[in-house]
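Chain by chain, the residues run as shown.
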Amino acid sequence: MTTPVTLTRAQKAAAILVAMGKPSASRLLKFFKQEELKALIEGARLLRTIPQSDLERIVAEFEAEFTEGAGLLDSADRMDTILNESLSPEEMSAIMGDKKFEVAPEGPPPIWPELEKLEPARLGAFLAGEHPQTAAMVLSKLAPQVAASVLLTLTKSTRGEIIKRMVTMANVPDAASRIVENRLRTSVLTETSTKDTSAGQARVASVLNELDKPLLEEVMQDLEAAGTPDLDGVRARLFAFDDLPLLTQKARVLLFDGLSTELVTLALRGVQAGLAESVLSAIGARSRRMIEAELGQGSEGIPLSDITAARKTIVTTTIRLSREGAFELPSTQNAA
């Protein structure tokens, strides 16, 4: 067990200001006296890495509602950034005498757009190991569709705890928000930049989706026997025209609502009755009658390549809608 870091009051205050970030800290600095500002600066310059447990203890002294935290790095540099943006050069010179300050660079960009690009399962795996309050704060910052996709990757009990906190969540203190952002940046985004294989999985799936169902299953069995890594990620992206009955009724309605009757009619030529019914049951009565009447005339003279292309268009549309979060592919549902 490590011994807690002993900090002076000035160092504690400097750590809190750095954790709060420039906007909030800038407003508070206006209320400090000159000698207090000098003590803050000197305190910040002596700070090194603050362990997570110690930072939580310090923040808890200032904000009773603070729940989770992470370590704090580069305190002196961040304090310089806050001060340079809050005080004029003349004020800085008056406080610090002959010491020179250079304008600090801008801080890192917001992380939320980057998090929204991640695979829901990857972000969900991280949040599953965090306190539900932290997970609720993170999901509240994401687009609703993305947050919903992440929630679906979690267990029911974890999902319930997070949603319960999202409902009752008030404004998140700047200090807590900044600390959680830092943890996400170092623990999720950094890991993703070196270990994310989703692009490769997508490329492999796009190739395999071109194969007929029997050949596709044979290739997947060979890959599994060879111990191919990240095969679950590939499998979650696979979908064939024959898999349409495995979609939920709601998903099929959403899919075929955006497709023309001509395309659907062409794709259904020569299919088995069960597959045709799963498609027709998701289409309005008027369109269904038109399609059935057209199919009743037979498929003579219609090139097989046109039928294959129509089915491929439906498959591509299905995969695209699933990637946009409209619904889940059957392989994803079965894996869950």
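Residues numbered from 1 in each chain as written. Predicted model: local features only at pLDDT ≥ 70, side-chain atom pairs only at ≥ 80, totals over all residues. Heavy atoms only, no water.

The name that an unreviewed UniProt entry assigns to the protein is Flagellar motor switch protein FliG, with the source organism given as Mesorhizobium kowhaii. The annotation that UniProt attaches to the protein under Function (unreviewed entry) is "FliG is one of three proteins (FliG, FliN, FliM) that forms the rotor-mounted switch complex (C ring), located at the base of the basal body. This complex interacts with the CheY and CheZ chemotaxis proteins, in addition to contacting components of the motor that determine the direction of flagellar rotation." Listed under Sequence similarities (unreviewed entry) in UniProt, the entry text for the protein is "Belongs to the FliG family." (UniProt positions renumbered as here; feature names shortened; annotations may be inferred.)

Undergrad: Would you mind showing me how to read the overall build of the protein here?
TA: Helix and strand content of the protein: 21 helices and 0 strands. The buried share of the protein, taken over its 336 residues, is 39%. Here the contacts in the protein between residues at least 6 apart in sequence split such that 77% fall between residues at least 24 apart. In the structure as shown, the protein presents an accessible area of about 19,000 Å², 55% of it carried by carbon and sulfur atoms. (Helix = DSSP H or I, 4+ residues; strand = E, 2+ residues; numbered from the N terminus. Buried < 20%, exposed > 50% of the residue type's maximum accessible area, 1.4 Å probe, protein only. Contact = heavy atoms within 4.5 Å. Areas by Shrake-Rupley, 256 points an atom, 1.4 Å probe, with all protein chains shown as cover.)

Undergrad: What is the right way to read helix α8 (residues 120-128) from this model?
TA: The periodicity of an α-helix, 3.6 residues per turn, causes residues three or four places apart in sequence to face the same way. Looking at α8, one finds that the buried residues are Leu123, Gly124, Phe126 and Leu127. Projected onto a plane normal to the axis of α8, the buried residues spread over an arc of 160° and lie on a single side. (Arc of directions from axis to C-beta.)

Undergrad: What should I look at first to understand the nonpolar core in this one?
TA: A general trend in soluble globular proteins is that nonpolar side chains are found buried together. In this structure, Phe241, Leu244, Leu255, Phe256, Val264, Leu268 and Ile314 are the most contacted members of the largest nonpolar core, which totals 27 residues. Of all the elements in the fold, those that place two or more residues in this core are α16 (249-257), α17 (261-268), α18 (273-280) and α20 (304-323). Looking at this core element by element, the count peaks at 5 residues for α20. In this structure, Trp112, Leu127, Ala135 and Val150 belong to the second largest nonpolar core, which totals 21 residues. (Core = buried A, V, L, I, M, F, W, Y, C linked by side-chain atoms within 4.5 Å.)

Undergrad: What is the right way to read the pattern of salt bridges from this model?
TA: Between side chains of opposite charge, a pair can form as their charged atoms come close. This model, assessed by the stated rule, comprises 8 salt bridges. Close ionic contact of Arg320 with Glu324 constitutes a salt bridge, the shortest N to O distance being 3.2 Å. Here the salt bridges share partners, and the residues they tie into one network are Glu161, Lys164 and Arg165. (Salt bridge = Lys/Arg side-chain N within 4 Å of Asp/Glu carboxyl O.)

Undergrad: What is the right way to read the environment of Thr168 from this model?
TA: On the secondary structure map, Thr168 appears in helix α11 (residues 156-168). In this structure Thr168 comes out as exposed when scored by relative accessible area, which is 62%. When the C-alpha atoms of Thr168 and Ala136 are compared, they prove to be 9.9 Å apart, with 32 residues separating the residues in sequence.

Undergrad: Before we go on, may I ask you to explain the packing of helix α9 (residues 132-140) against α11 in this structure?
TA: Relative placement of two packed helices is described by the angle separating their axes and the distance separating the axes. Relative orientation of the contacting elements α9 and α11 amounts to 65°, with a least axis distance of 8 Å. Crossing handedness for the pair α9 and α11: right-handed. Touching Pro132, Gln133, Ala135, Ala136, Leu139 and Ser140 of α9 are Glu161, Ile162, Arg165 and Met166, all from α11. For the contact of α9 with α11, the class distribution of residues is 6 nonpolar, 2 polar and 2 charged. (Axes fitted to C-alpha atoms, helices over the stretch in contact; angles between N-to-C directions. Left-handed = near helix turned anticlockwise from the far one by under 90°. Nonpolar A, V, L, I, M, F, W, Y, C, P; charged D, E, K, R; others polar.)

Undergrad: Which parts of the structure should I look at to understand the side chain of Arg269?
TA: Note on placement: Arg269 falls in the loop between α17 and α18. Look past the residues within four positions of Arg269 in its chain and what remains in contact with it is Glu294, Leu295, Gly298, Ser299, Ile302, Ile307 and Arg311.

Undergrad: Whenever I open this one, the environment of Leu123 confuses me. Can you help?
TA: Looking at the element boundaries, Leu123 is found in helix α8. Here Leu123 falls in the buried class, since its relative accessible area comes to 1%. Put simply, Leu123 and Leu151 are 28 residues apart on the chain and 9.6 Å apart in space, counted from C-alpha to C-alpha. Ignoring any residue separated from it by four or fewer positions in sequence, one finds Leu123 in contact with Leu115, Leu142 and Val150.

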